[in-house]
Amino acid sequence: DASELPFRMMCRKYGATMAWTPMVHSRLFLENKKYRKTVFTTCEEDRPLAVQFCANDPAILLAAAKLVEDKCDAIDINLGCPQGIARRGNYGAFLGDQWDIVKSLVEVLAQNLSIPVFCKIRILNSIETTVEYAKMIEKAGCTLLTVHGRTIDQKGRYMGLADFEYIREVKRALSIPVLSNGNVRTLEEADESIRITETDGMMSACGILTNPALFSGLEIAPEVLANEYLAYCAQYPVGVHIVRGHLFKILLSKLHSHVDLRDSLNSTNTIEECAAIVNTLAERLKLEPSETAIELDESTSADNEEDVPCDMGFLFD
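Here goes a summary of the coordinates provided. Since we're looking at a predicted model, the values are computed, not measured.

## Section: the overall build of the protein chain
In terms of helices and strands, the protein chain carries 15 helices and 9 strands. A compact globule built from 317 residues should have a C-alpha radius of gyration of about 20 Å, and the protein chain, at 19 Å, falls within 12% of that. Along the longest, intermediate and shortest principal axes, the C-alpha atoms of the protein chain span 60 × 40 × 35 Å. Buried residues in the protein chain amount to 55% of all 317 residues. Partitioning the intrachain contacts of the protein chain with sequence separation of at least 6 by distance along the chain shows that 73% fall at a separation of at least 24. Both charge centroids of the protein chain, one from 32 positive and one from 46 negative side chains, sit 5 Å from each other.

Right under this line is the structure:
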């Protein structure tokens, strides 16, 4: 849910050169019109855009992709989601040891779509195996690969740092563009990620959730960003639960010292109620004499992927 249309448009304003939709369940997208209408919205300015699907059945994936083939610039197969829902559904990173399925998914799309096929993976247990996996995906027809530098077990409080060496070796082994993913919260870290991994760009997920202006390098107050996000939501309406989720992340450092507003935000039912809380916070912050540094623990970290509903991304190069 985290890369819906208003958030994508905001991130584009601040320097994202490409955006991905939230992860879309291919079977539900194909079979359920209400789900399809809710999960996929776009506009003329929302380009370039990749629609991100999870799947384990090539025929279903192709049929779902055909529904948006003329509304986006690429179809991205999510092979990186490490969460329990992906394990239960047998998709995402849990296909990392089922190469025959992965190969078939990529091949069927590459042979039957008029737009490029992208993939995102997590690293496997060794550099050699990861490189072999990536080369198989490239050979099957993938035209751009994003590599998240953590294994399937690196999530939540056990996340640790992404391993840029794995990503660099994948980039050196492939002829298609490769994007790095992981360890980025600032523009400087984005540049450093590209330098170390030698990749063609980088994708941000968790980092950009707390700072939608990350790729601009600008220092913008969280309450200002929150109000701007709400303005985009007025233009491109989404569910209030999605809005709340973004506001919690954007305002994370401020809500720690304004617990009453945090609790109020958690019980909001309308965008107008969300806006009133953000405005109240902004007024309070004007009265504070100085910025107070808050040290975050792992459970509230912007890089805690357990808080993020699978993968979303924005490209910077």
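There's more to say after this.
## With respect to the pattern of salt bridges
Note that side chains of opposite charge can pair when their charged atoms are close. Evaluated as defined, the whole model comprises 16 salt bridges. A salt bridge links Arg168 to Glu169, with the shortest nitrogen-to-oxygen separation between them at 4.0 Å. Owing to a relative accessible area of 18%, Arg168 belongs among the buried residues under this scheme. Note that Asp263 is salt-bridged to Arg262, the shortest N-O span being 3.8 Å.

## Side note on helix α4 (residues 58-66)
Those residues of α4 not exposed but buried are Pro58, Leu61, Leu62, Ala64 and Ala65. Projected down its long axis, α4 shows its buried positions confined to an angular sector of 165°, all on one face. Contacts made by the buried residues of α4 are with α2 (26-31), β3 (49-54), β4 (74-79) and α6 (99-112). The opening residue of α4, the one whose side-chain oxygen lies 2.9 Å from the backbone nitrogen of Ala59, is Asp57.

## Here we look at the pairing of strand β5 (residues 117-122)
The buried count for β5 comes to 6 of 6 residues, which makes it a mostly enclosed element. Side chains of β5 alternate between two faces, with Val117, Cys119 and Ile121 and Phe118, Lys120 and Arg122 buried alike. As judged from the 5 bridges shared by β4 and β5, these two strands associate in the parallel manner. The partner of Ile77 across the bridge, within β5, is Cys119. When β5 meets strand β6 (residues 144-148), the two strands line up parallel, connected through 5 bridges. Its bridge partner lying in β6, Cys119 is registered against Leu145.

## Focus on a negative patch on the surface
Judged by side-chain charge, Glu188, Glu189, Asp191 and Glu219 come together as a negatively charged surface patch. If you trace the backbone, Glu189 turns up in helix α9 (residues 187-197).

Basis of the calculations
Residues numbered from 1 in each chain as written. Predicted model: local features only at pLDDT ≥ 70, side-chain atom pairs only at ≥ 80, totals over all residues. Heavy atoms only, no water. Helix = DSSP H or I, 4+ residues; strand = E, 2+ residues; numbered from the N terminus. Rg over C-alpha atoms; globule rule 2.2 N^0.38 Å. Buried < 20%, exposed > 50% of the residue type's maximum accessible area, 1.4 Å probe, protein only. Contact = heavy atoms within 4.5 Å. Lys, Arg positive; Asp, Glu negative; His and termini not counted. Charge placed at Lys NZ, Arg CZ, Asp CG, Glu CD. Salt bridge = Lys/Arg side-chain N within 4 Å of Asp/Glu carboxyl O. Arc of directions from axis to C-beta. Polar contact = N/O pair within 3.5 Å; in protein donor to acceptor, adjacent residues only side chain to side chain. Pairing = 2+ DSSP bridges. Patch = residues over 30% accessible without salt bridge, like charges linked within 9 Å, V, L, I, M, F, W, Y side chains within 5 Å. Areas by Shrake-Rupley, 256 points an atom, 1.4 Å probe, with all protein chains shown as cover.

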